[in-house]
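# Architecture at a glance
Okay, here's what each chain looks like letter by letter:
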Amino acid sequence: MKQFACGDVVAGCPRTFTAVDSDGILTEVNGHARSDHRLADVPAELVGQVLLAIREIA
Ligand SMILES: [Zn+2]
């Protein structure tokens, strides 16, 4: 499983996401960015930061 803490990229955001793979994380982060961070689209640069911050969990 993969885990991503949004606070690693957006300071102060408490949300964490868990999915079977990075694509699943990105899908969840997309929805979260839209509704909670008011980003119409996640810029490629941010996607890169998200990918770097994703951790492998058991
Ligand atoms: Zn967030």
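Look up: the structure comes first, before these words.
Model, not experiment: these values are computed from the prediction.

Here we come to the coordination of the zinc ion. When four donors bind a metal tetrahedrally, each ideal donor-metal-donor angle is 109.5 degrees, and when six bind octahedrally, the ideal angles are 90 or 180 degrees. The zinc ion binds to the protein through Cys6 (SG), Cys13 (SG), His32 (NE2) and His37 (NE2); the donor distances cover 2.0 to 2.3 Å. Here the donor residues of the zinc ion share one chain and are spaced in sequence as C-x6-C-x18-H-x4-H. One end of the pair, Cys6, is in the loop between strand S1 (2-5) and strand S2 (16-19); the other, His32, is in helix H1 (residues 22-36), with 26 residues separating them in the sequence.

What follows concerns the sheet that holds S2. What the three strands build is an open sheet, ordered S2-S1-S3; its pairing is antiparallel. Taken across any chain shown, the strands that pair with only one partner, and hence form the sheet edges, are S2 and strand S3 (55-56). The pairing of S1 with S3 spans two bridges and is classified as antiparallel. If you follow Gln3 over to S3, its bridge partner there is Arg55.

Calculation criteria
By convention here, each chain's residues receive numbers from 1 onward along its written sequence. Per-residue local features of the predicted model are confined to residues with pLDDT of at least 70, and side-chain atom pairs are confined, for both listing and counting, to 80 or more; whole-chain, interface and lining totals are unaffected and use all residues. The side-chain quantities take in all heavy atoms of the structure and omit both hydrogens and water. Water is not part of the atom set, so a site may look incomplete; the donors themselves are N, O and S atoms within 2.8 Å of the metal, or 3.2 Å for Na, K and Ca. Secondary structure elements are taken from DSSP: a helix is a run of H or I of four residues or more, a strand is a run of E of two residues or more, and numbering for both begins at the N terminus. At least two DSSP bridges between two strands are required for those strands to pair.

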